[in-house]
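# Structural features, examined
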Protein chains: 2
Amino acid sequence: MARVVNFAAGPSCLPEEVLKQAAKEMLDCNGSGMGVNEMSHRSSTFQKIFDETEALVRELMNVPDNYKVLFLQGGASTQFAMIPLNLGIKYNKAAYVDTGTWSTKAIKEAKRFITVDTIASSADKGYSYIPKNVVFQGDYDYAHITLNNTIKGSHWEYIPETNGIPLVADISSCILSEPLDVSKFGVLYAGAQKNLAPAGVTLVIIREDLITDKPLDKTPLMLTYKTHSDKGSMFNTPPCWNIYMMNLNLKWIKKLGGAEGMAKRNHEKADLLYNYLDKSDYYYATVEKGSRSLMNVPFLTYEKDEEKAKKINKLFVLGAEKEDMYNLAGHRSVGGMRASIYNAMDIKGVQKLVKYMEKFAQENLRK
Amino acid sequence: MARVVNFAAGPSCLPEEVLKQAAKEMLDCNGSGMGVNEMSHRSSTFQKIFDETEALVRELMNVPDNYKVLFLQGGASTQFAMIPLNLGIKYNKAAYVDTGTWSTKAIKEAKRFITVDTIASSADKGYSYIPKNVVFQGDYDYAHITLNNTIKGSHWEYIPETNGIPLVADISSCILSEPLDVSKFGVLYAGAQKNLAPAGVTLVIIREDLITDKPLDKTPLMLTYKTHSDKGSMFNTPPCWNIYMMNLNLKWIKKLGGAEGMAKRNHEKADLLYNYLDKSDYYYATVEKGSRSLMNVPFLTYEKDEEKAKKINKLFVLGAEKEDMYNLAGHRSVGGMRASIYNAMDIKGVQKLVKYMEKFAQENLRK
């Protein structure tokens, strides 16, 4: 079968040249006579891959020297616990903004360990926007936001003022999609399975002064940042293959102009899709202008009747599959449609989608 | 470069046909038009791989129906915390046997959450044997052993009596190396990077009655077995590629006769190496007969002078590399040499090693 266009929200499409390189090196990486799937993490060949990957993260994200870059496991969901356990140690209190699903889960998990103030929320309008003019202030150990909301399709277009409180952000679904000023954050974390690598590695960028040797009582050793930062992410065996794939992917990003190159590429794709949605009398984007994600674009038709709408959405998704476009159903908790157009998605994929959307609209408007 | 013989202790060699299959499907797995590295964990293609992998684990290990099979992240090191947090809930007390390095670490981590009685240890002889006639008895929530000791090279040749106390075993470095009666255990866990798959997935086999919804206070959600068992290991995104590679590897194991086939294969290799060591007047195996690992074979030369021995060991390892045999140095905490001869290691690899050992001994005995 030919390659399909993969609009999955994560794990999501990877650049074809990255996959080809990985296939080529499967039995012999860098003349070592073995592949990365079977290579000791203590070997010089892997250490070189590892060091290069960290250097690429630092270069492409312009990470200041007083930050550690960690390669962990367990996804963002594990970070939901690690953040309060390691940072919530002075006031035992943090401020969160609730922008839906993943931030709601982050809040729920943090509450098991510390006091959480939800200082802003967009729940009133189904999380279809990012709260404006958010300012963090007070005796908080940290402030937490979800920079891009994969399921709701919203994105912070500004970085809130924190008055010295360390800002923590989940950037799983927008990392390296455009430039980001790392120095404005205390901790950034990202499950890799969207813009970076296959699922199984979590990138954490943490300011050194936030790495404590005294996390909350009974914090598991593996959930202590210091455990991993002291050992260069090799306290235990890291997910070597996933890090290697991140390495290949970061090289691809670098070749295409780094974060700036990705921003240009991603704005072109997102503009095409949002512009079409905004002028359409059949579909509409569910997220307010000024809060829209570059990466995840949920949309609905104007059909008001719920049963009819469900039927149309299903037809839309099935029709797209017939044209080799996959994973366009909205998250099961939301419904409707969603196109995730991460870094690796080519403009041609979005052009093909818009063309299909036009055709589908015409056919169904006639009915 | 040609493929080398890889004696690494983990991550370790994988069967060439598994790697070839993975390379072949890199851009298109099962006609889906995408590879597993970029495939949604919610897709029907991946769900099929996942279900098949679980079924293969159940079949090859003869897992009884009242056990759950979980695919987690974080390695055995994370299990060192999950076990006491989820099982240590009635007496807040467990009994451990200390057989070196990894069991020592498991004990240290468990002590942060519950009371630990170390009821037996082989520390008195440098962990060169497994304590005999171990019997667990008393008010313990569970009993813990490390079935195979990767670094020290020892292995339990009997399953200790526990008098109804659930027995927990770390089987990271011996899983599916030979048949094992799962029904004798409460929990079995294994980091996959030795006999199963690339690093990044942890297999847990747990008796259902040990899966509690009331783990110790403040146990992170991601470190609660119930979180994962309730959602079929898809509470969050699983490490899809690593599970897929496990799938291919399990099929290879099945083709070669399952656990019984592996036992035959592994005994043949281990016998060859141990028999050579036992009759050698230049080398010796460091572990007592009756406690020896099928998988990890540490050995030393009879050279008594420490500095001279270090020099010889280094020469041995470098000489082996010249003949395309890699990772024969003992663990950095132990020194000497170690050959890890996991399932995927062919008898030819061990034959080549023994031939080299003979030559090296002759050359150095002459000096």
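What comes next concerns the included structure. The structure presented is a predicted model; accordingly, all values stated were derived computationally and were not measured. Here the residue numbers are simple positions, counted from 1 along each chain's written sequence. Each chain takes a letter, starting from A, and each ligand takes a number, starting from 1, following the order in which they are written. Under the rules for a predicted model, residues below a pLDDT of 70 receive no local features and side-chain atom pairs below 80 are neither given nor counted, while totals for whole chains, interfaces and linings still include all residues. Processing note: side-chain calculations cover all non-hydrogen atoms of the structure and skip hydrogens and water entirely.

### Observations regarding the overall build of chain A
Quick note on the threshold: Here a strand is any run of E in DSSP of at least two residues, a helix any run of H or I of at least four, and the numbering for each starts at the N terminus. Radius of gyration: C-alpha atoms only; globule rule: 2.2 Å multiplied by the number of residues to the exponent 0.38. Accessibility here uses a 1.4 Å probe with only protein chains present; expressed as a share of the type maximum, an area under 20% marks a residue as buried, one over 50% as exposed, and anything in between as partly exposed.
In terms of helices and strands, chain A carries 9 helices and 14 strands. Relative to the compact-globule value of 21 Å for 367 residues, chain A shows a C-alpha radius of gyration of 21 Å, a close match. Principal-axis analysis of the C-alpha atoms places the extent of chain A at approximately 65 × 55 × 30 Å. Residue burial in chain A is summarised as follows: out of 367 residues, 64% are buried.

### Here's the deal with the sheet that holds strand S14 (residues 337-340) of chain A
Residue and element names in this part refer to chain A. Condition: The rule for pairing is simple: two strands pair if DSSP sees at least two bridges between them. Note on method: axes are straight lines fitted to C-alpha atoms, helices fitted across the in-contact stretch only, with angles between N-to-C directions ranging 0 to 180 degrees.
Pairing is antiparallel across the open sheet formed by 3 strands, whose spatial order is S11-S12-S14. A single partner strand is all that each edge strand has here, and the edge strands are strand S11 (283-285) and S14. When strand polarity is set aside, the average angle formed by the axes of neighbouring strands in this sheet is 30°.

### So, the interface of chain B and chain A
Under the convention used in this document: In what follows, a contact means two residues having at least one pair of non-hydrogen atoms within 4.5 Å. Here's the idea: put two parts together, see how much 1.4 Å probe accessible area each one loses, and the total over both is what we call buried area. Any Lys or Arg side-chain nitrogen located within 4 Å of an Asp or Glu carboxyl oxygen qualifies as a salt bridge. Side-chain atoms alone can form a polar contact between residues adjacent in sequence; in general such a contact is a pair of N or O atoms within 3.5 Å, and within protein one must be able to donate a hydrogen while the other accepts it.
Taken together, the contacts link 62 residues of chain B with 62 residues of chain A. Together, the buried faces of chain B and chain A total about 4800 Å²; carbon and sulfur atoms form 57% of this surface. For chain B, the biggest contributors to the area lost against chain A are Leu27(B), Asn37(B) and Glu38(B); these three give 13% of the whole. Our enumeration of links across chain B and chain A arrives at 2 salt bridges. With its nearest N and O atoms 2.5 Å apart, the salt bridge here joins Glu38(B) to Arg3(A). Here chain B is connected to chain A by 23 residue pairs in polar contact (both at pLDDT 80 or more). For the side of chain B that touches chain A, the secondary structure elements donating two or more residues are helix H1 (16-24), helix H3 (75-87) and helix H6 (240-255) of chain B.

### Overview of the state of the cysteines
The condition is simple: In this description, the term disulfide denotes a pair of cysteine sulfurs within 2.5 Å.
Overall, the coordinates contain 0 disulfides over all chains when judged by the stated rule. For Cys13(A), which is in no disulfide, the shortest distance to another cysteine sulfur is to Cys240(B) and amounts to 15 Å. Classification of Cys13(A) by relative accessible area gives buried; the value is 9%. Here Cys174(A) is not cross-linked by a disulfide; its sulfur's nearest cysteine counterpart is in Cys13(A), at 16 Å. Cys174(A) sits in the buried class, given a relative accessible area of 6%.

Honestly, it's all geometry; don't read function into it.
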